[in-house]
Amino acid sequence: MMSQKKVTFPTDYADWLIDIKRRVVAARQRAALAANAELIQLYWQIGHELVQRQKSANWGDKVLDRLASDLREAFPEMKGFSRANLKFMRAFAQAWPDAAIGQQVVSQLPWGHNVMLLTKLKDTAQRLYYAERALAGGWSRATLEVQIRNRLHERQGQAVTNFSARLPAPHSELAHETLKDPYLFDFLGLGDDAHEREIENALVRHITKFLLELGSGFAFIARQYRLEVNGNEFFIDLLFYHTRLKCYVVVELKATAFKPEHAGQLNFYLTAVDRQVKAPDDKPTIGLLLCKTQDRLVAEYALSGIDKPIGVAEYQLVRALPETFATNLPTVEELESELAEDAVIRDFQITDADDEGDKA
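Analysis parameters
- Residues numbered from 1 in each chain as written.
- Predicted model: local features only at pLDDT ≥ 70, side-chain atom pairs only at ≥ 80, totals over all residues.
- Heavy atoms only, no water.
- Helix = DSSP H or I, 4+ residues; strand = E, 2+ residues; numbered from the N terminus.
- Buried < 20%, exposed > 50% of the residue type's maximum accessible area, 1.4 Å probe, protein only.
- Contact = heavy atoms within 4.5 Å.
- Areas by Shrake-Rupley, 256 points an atom, 1.4 Å probe, with all protein chains shown as cover.
- Polar contact = N/O pair within 3.5 Å; in protein donor to acceptor, adjacent residues only side chain to side chain.
- Patch = residues over 30% accessible without salt bridge, like charges linked within 9 Å, V, L, I, M, F, W, Y side chains within 5 Å.
- Salt bridge = Lys/Arg side-chain N within 4 Å of Asp/Glu carboxyl O.
- Pairing = 2+ DSSP bridges.
- Right-handed = clockwise from strand over helix to strand, strands pointing away.
- Phe/Tyr/Trp six-rings, centres within 6.5 Å; stacked < 30°, edge-to-face > 60°.
- Expected span 1.5 Å × (residues − 1).

Considering the overall build of the protein chain
Right, on to step 1. On a plain count of helices and strands, the protein chain comes out with 14 helices and seven strands.
Right, on to step 2. Counting over 360 residues, the protein chain shows a buried share of 39%.
Right, on to step 3. Put simply, of all contacts in the protein chain between residues at least 6 apart along the chain, 64% involve residues at least 24 apart.
Right, on to step 4. Just so you have it, the protein chain exposes about 20,500 Å², and 53% of that area is on carbon and sulfur atoms.

Written out as structure tokens, the structure reads:
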């Protein structure tokens, strides 16, 4: 009986296989993005032609019914040719009238994201703001909806900080833009009378939603992180590492209004982390002081005399309704319209990449 020869592989085979796998994944991603861009281009063209024909030939909405029926008959496997979705295509072309739609950031987002931008926002600048952040952060459609509902554009970069004086540019600008004010913790289910430890415990229990509210780049390290200085123990409420800023972030919670001594305590913690935890290639540790309320001028005065980079912001356990809420309740027709739009968003999933789960 002949003995089988042992097969030997080149020593670099394993590395070569890893490289091929990486290229296959990258090629599949490029193909998916290209297919999505083609579909967005097609929808814009259909929408643009609808706008032009309705202007020049005085086409009515009954043409949409006929067109939807004919397209569904021609392409029964596609879900994107309902009457409602054709109206979204028309609105999409009206929202982005530039013929070079392929160069717009919205062309790189799935159609469901674009429908969300159309139905939830009226201002072009705001649509572009959320489109850019959704693309940069890899937001799912659900995450995009949460950020719009929580009015991120009004809160981002609004915390009181001393970053411009304590961090070099452009790192200071990036760090300042990372923080917001106020932070919304209404997902915790706590009342305004909750104590600091209650809030801290609830934030850790709801860490996924907490990280979403903090923003992309935050990685949770520990709660009640122990520091020892000359035999004395100190405990940090929450410790994070920010992957984009390349630094540790110390978060302290105060269930009271901001007081200047809070900044002094946090300054001490930052010094300890910089000396005991921070690696040589890490950027300086940043502090975020979350208070129930704050006087911005008092906070600015307090931070001006602090050596370490600190931001001060409020948090809300119960969402504060805008003053115009009572006079801007939706009509029955608006509610029915929104329900119809939501139904289209749920049903239309041909290019949505967010079915695999949220990517905050």
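Describing the side chain of His-242
Right, on to step 1. Within the secondary structure, His-242 sits in strand 4 (residues 232–242).
Right, on to step 2. Among the polar contacts made by the side chain of His-242, one reaches the main-chain amide nitrogen of Arg-244 at a distance of 3.2 Å.
Right, on to step 3. If we skip the residues at most four places from it in the chain, His-242 touches Thr-178, Ser-216, Gly-217, Phe-218, Cys-247 and Val-249.

A look at a nonpolar patch on the surface
Right, on to step 1. There is a patch of nonpolar side chains on the surface, built from Phe-9, Tyr-13, Trp-16 and Leu-17 and spanning about 440 Å² of accessible area.
Right, on to step 2. In this fold, Tyr-13 is placed in helix 1 (residues 13–56).

Quick word on unusual backbone geometry
Right, on to step 1. Cis rather than trans, the peptide bond between Ala-169 and Pro-170 has omega equal to 0°.
Right, on to step 2. Here Pro-170 is to be found in the loop between helix 8 (163–166) and helix 9 (171–178).
Right, on to step 3. Residue Pro-182 is bonded to the preceding Asp-181 through a cis peptide linkage, with omega at 0°.
Right, on to step 4. Structurally, the position occupied by Pro-182 is in the loop between helix 9 and strand 2 (183–184).
Right, on to step 5. One non-glycine residue, Gln-224, adopts positive backbone phi at about 50°.
Right, on to step 6. Mapping Gln-224 onto the fold places it in strand 3 (residues 218–229).
Right, on to step 7. Look at Gln-224 and you get partly exposed, because its relative accessible area is 22%.

Topic: the pairing of strand 6 (residues 286–293)
Right, on to step 1. For strand 6, the tally of buried residues reaches six of eight residues, placing the bulk of the element in the interior.
Right, on to step 2. Two elements, strand 5 (residues 247–257) and strand 6, share seven bridges in a ladder whose sense is parallel. Counterpart to Ala-257 in the pairing with strand 6 is Thr-293.
Right, on to step 3. This β-α-β element, strand 5 to helix 12 (residues 260–276) to strand 6, shows right-handed connectivity.
Right, on to step 4. Where strand 6 lies against strand 7 (residues 310–316), five bridges are found, and the strand directions are parallel.

A word on the pattern of salt bridges
Right, on to step 1. In this structure the tally under the stated criterion is 13 salt bridges.
Right, on to step 2. One salt bridge in this structure joins Arg-296 and Asp-181, with 3.2 Å as the shortest N-O distance. Placement of Arg-296 in helix 13 (residues 296–304) and of Asp-181 in the loop between helix 9 and strand 2 is noted, with a sequence separation of 115 residues between them.
Right, on to step 3. On the accessibility criterion, Asp-181 (12% relative accessible area) is buried.
Right, on to step 4. If you follow the salt bridges from partner to partner, you end up with Asp-19, Arg-22 and Arg-23 in one network.

With respect to the packing of aromatic side chains
Right, on to step 1. This structure, assessed with the given rule, holds 16 aromatic pairs.
Right, on to step 2. With centroids separated by 6.4 Å and ring planes inclined at 40°, the aromatic side chains of Tyr-183 and Phe-185 adopt a geometry described as tilted.
Right, on to step 3. Of the residues examined, Tyr-183 reaches a relative accessible area of 0% and is grouped as buried.
Right, on to step 4. Its relative accessible area of 0% is what places Phe-185 among the buried residues.
Right, on to step 5. When the centroid spacing of 5.6 Å and the interplanar angle of 75° are considered together, the rings of Phe-210 and Phe-240 count as edge-to-face. In this pair, Phe-210 is assigned in helix 11 (residues 207–214) and Phe-240 in strand 4, connecting sequence segments 30 residues apart.
Right, on to step 6. Since its relative accessible area comes to 0%, Phe-240 is described here as buried.
Right, on to step 7. In textbook terms, an aromatic cluster arises when at least three aromatic residues are bridged by ring pairs, as seen for Tyr-183, Phe-185, Phe-187, Phe-210, Phe-218, Phe-220, Phe-240 and Tyr-315.

Looking at helix 3 (residues 83–95)
Quick reminder: α-helices carry 3.6 residues per turn. Residues three or four places apart thus point the same way.
Right, on to step 1. Spanning 13 residues, helix 3 covers 18 Å between terminal C-alpha atoms, matching the ideal 18 Å at 1.5 Å per step.
Right, on to step 2. Within the sequence span of helix 3, burial applies to Asn-85, Leu-86, Phe-88, Met-89, Arg-90, Phe-92, Ala-93 and Ala-95.

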